[in-house]
Amino acid sequence: MSITSTMDFLALTSVSIAKSYLPTSSVEELQTNWAHKTLKKFDISLDVIGQISHQQPLLFVGNHISYVDIVLLMATVPSISFVAKKEISYWPIFGQAARATQTILVKRENTDSRKAARLAIEEGLQRKQRIALFPSGTTCIDEKKSWRRGAFEIAQKNNVMIQPFRISYNPLRTVAYIDDDFFPTHIFRLIKTRSIKAKIEFHPPVEVTDAAADCEKWWAWSRINT
């Protein structure tokens, strides 16, 4: 049953990607539909707390536990784009999805790539995009290391507000994509698990006045168990 469900999910994703290349397609609508169908396929119930701002442009920043975080954000935030590690571009199917949704891909240890990513984010904000970033730079159950403050520096420099969010899951370890997790076996295990609960809480948008201090403040806020 799990193998069938996994294949169904991959087929759903492939069809959505193919449709995104059609000139008459709405990528926003495809994203939202795909996200809600994926949550149903994974048997994930989603609890959304707080109001999602419709401001444009806007940066969304929050904790990062799993690739499922992206599904939650797609299901709740219209017209959202992402910044993610470049390794995702090599993942089967999901690499195509990242390109189709104009994800900004970053090599974490490459300074030139990070500079290019910052420029791409700023250009996206100038186009009034709504962009989600995970300042931790990687997935983790408990982000004990402070966030990188690049997103906050961009927000302050461009006078763009941020909307912090925090995500939690139950069972947590089942959904978390960390350590030596291998994507094909992880997604198989995820689909095999039933009745997963997810929660995403949005704080009202805030202005960034001190990138370093605000980064620490919202990193601490994101770690509070929701």
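Preceding block: the structure.
This structure is a prediction, so every number in the text was calculated from the model and none was measured. (Residues numbered from 1 in each chain as written. Predicted model: local features only at pLDDT ≥ 70, side-chain atom pairs only at ≥ 80, totals over all residues. Heavy atoms only, no water.)

## Some remarks on the pattern of salt bridges
Part 1 of the argument: With the rule as written, the count across this model stands at seven salt bridges.
Part 2 of the argument: For arginine 166, the salt bridge identified is with glutamate 201, shortest N-O distance 2.9 Å. With arginine 166 in strand E6 (residues 162-170) and glutamate 201 in strand E7 (residues 196-202), this residue pair connects regions lying 35 residues apart in the sequence. For the pair arginine 166 and glutamate 201, a shared accessibility class is recorded, and that class is buried.
Part 3 of the argument: Here the residues in one salt-bridge network are Arg118, Arg149 and Glu153, joined through shared partners. (Salt bridge = Lys/Arg side-chain N within 4 Å of Asp/Glu carboxyl O. Helix = DSSP H or I, 4+ residues; strand = E, 2+ residues; numbered from the N terminus. Buried < 20%, exposed > 50% of the residue type's maximum accessible area, 1.4 Å probe, protein only.)

## Focus: the environment of valine 160
Part 1 of the argument: As for its position among the elements, valine 160 is in the loop between helix H6 (150-158) and E6.
Part 2 of the argument: On the basis of relative accessibility, which here comes to 7%, the residue valine 160 falls in the buried class.
Part 3 of the argument: Sequence spacing of valine 160 and leucine 58 is 102 residues, and the spatial spacing of their C-alpha atoms is 6.1 Å.
Part 4 of the argument: The contact partners of valine 160, leaving out residues within four places of it in the chain, are Pro57, Leu58, Leu59, Leu125 and Ala155. (Contact = heavy atoms within 4.5 Å.)

## Here we look at the nonpolar core
Part 1 of the argument: Core analysis: the biggest nonpolar cluster contains 37 residues, and Phe60, Val68, Leu73, Ile80, Phe165, Tyr169 and Phe202 have the highest contact counts within it.
Part 2 of the argument: The biggest single contributor to this core is helix H3 (residues 68-76), with seven residues.
Part 3 of the argument: Filtering out sequence-adjacent residues up to four positions away, isoleucine 80 remains in contact with Gln31, Phe60, Leu73, Met74, Arg130 and Ala132.
Part 4 of the argument: Core analysis: the next-biggest nonpolar cluster, separate from the first, contains 24 residues, Val83, Val160, Trp219 and Trp221 among them. (Core = buried A, V, L, I, M, F, W, Y, C linked by side-chain atoms within 4.5 Å.)

## Topic: the layout of surface pockets
Part 1 of the argument: Approximately 610 Å³ is the volume attributed to the largest pocket.
Part 2 of the argument: Considering the residues around the largest pocket, the lining is formed by 26 residues, among which Val83, Val106, Phe134, Gly137 and Arg148 are closest to the centre.
Part 3 of the argument: For the lining of the largest pocket, the elements supplying multiple residues, two or more each, are strand E3 (80-85), helix H5 (111-126) and H6.
Part 4 of the argument: It is H5 that contributes the most residues to the lining of the largest pocket, five residues altogether.
Part 5 of the argument: Looking at the lining of the largest pocket, its residues break down into 15 nonpolar, five polar and six charged. (1 Å grid on protein atoms, 1.4 Å probe; cavity = no way out; pocket = protein on both sides within 12 Å on 5 of 7 lines; lining within 4 Å. Points joined across faces, edges and corners; volume = space filled by probe spheres on them. Nonpolar A, V, L, I, M, F, W, Y, C, P; charged D, E, K, R; others polar.)

## Focus: the packing of aromatic side chains
For any pair of aromatic rings, the description rests on two quantities: the centre-to-centre distance and the angle between the ring planes.
Part 1 of the argument: The full count for this structure, using the stated rule, is eight aromatic pairs.
Part 2 of the argument: With a centroid separation of 6.3 Å and an interplanar angle of 85 degrees, the aromatic rings of phenylalanine 60 and phenylalanine 202 are classed as edge-to-face. Of this pair, phenylalanine 60 sits in strand E2 (residues 58-62) while phenylalanine 202 sits in strand E7, and the two are 142 residues apart along the sequence. In terms of burial, phenylalanine 60 and phenylalanine 202 fall into one category: buried.
Part 3 of the argument: When the centroid spacing of 5.4 Å and the interplanar angle of 70 degrees are considered together, the rings of tyrosine 67 and tyrosine 177 count as edge-to-face. Here tyrosine 67, found in the loop between E2 and H3, pairs with tyrosine 177, found in the loop between helix H7 (172-175) and helix H8 (183-192); they are 110 residues apart in sequence, far enough to count as distant. (Phe/Tyr/Trp six-rings, centres within 6.5 Å; stacked < 30°, edge-to-face > 60°.)

## So, the pairing of E2
Part 1 of the argument: Extensive coverage of E2 is indicated by the burial of five of its five residues.
Part 2 of the argument: Of the two faces of E2, the one lined by Leu58, Phe60 and Gly62 and the one lined by Leu59 and Val61 are each fully buried.
Part 3 of the argument: Judged from the four bridges that link them, E2 and strand E5 (residues 130-133) form a sheet pairing that is parallel. From the neighbouring strand, leucine 59 faces E5, where its bridge partner is isoleucine 131.
Part 4 of the argument: Judged from the four bridges that link them, E2 and E6 form a sheet pairing that is parallel. Along E6, the bridge assignment pairs phenylalanine 60 with glutamine 163. (Pairing = 2+ DSSP bridges.)

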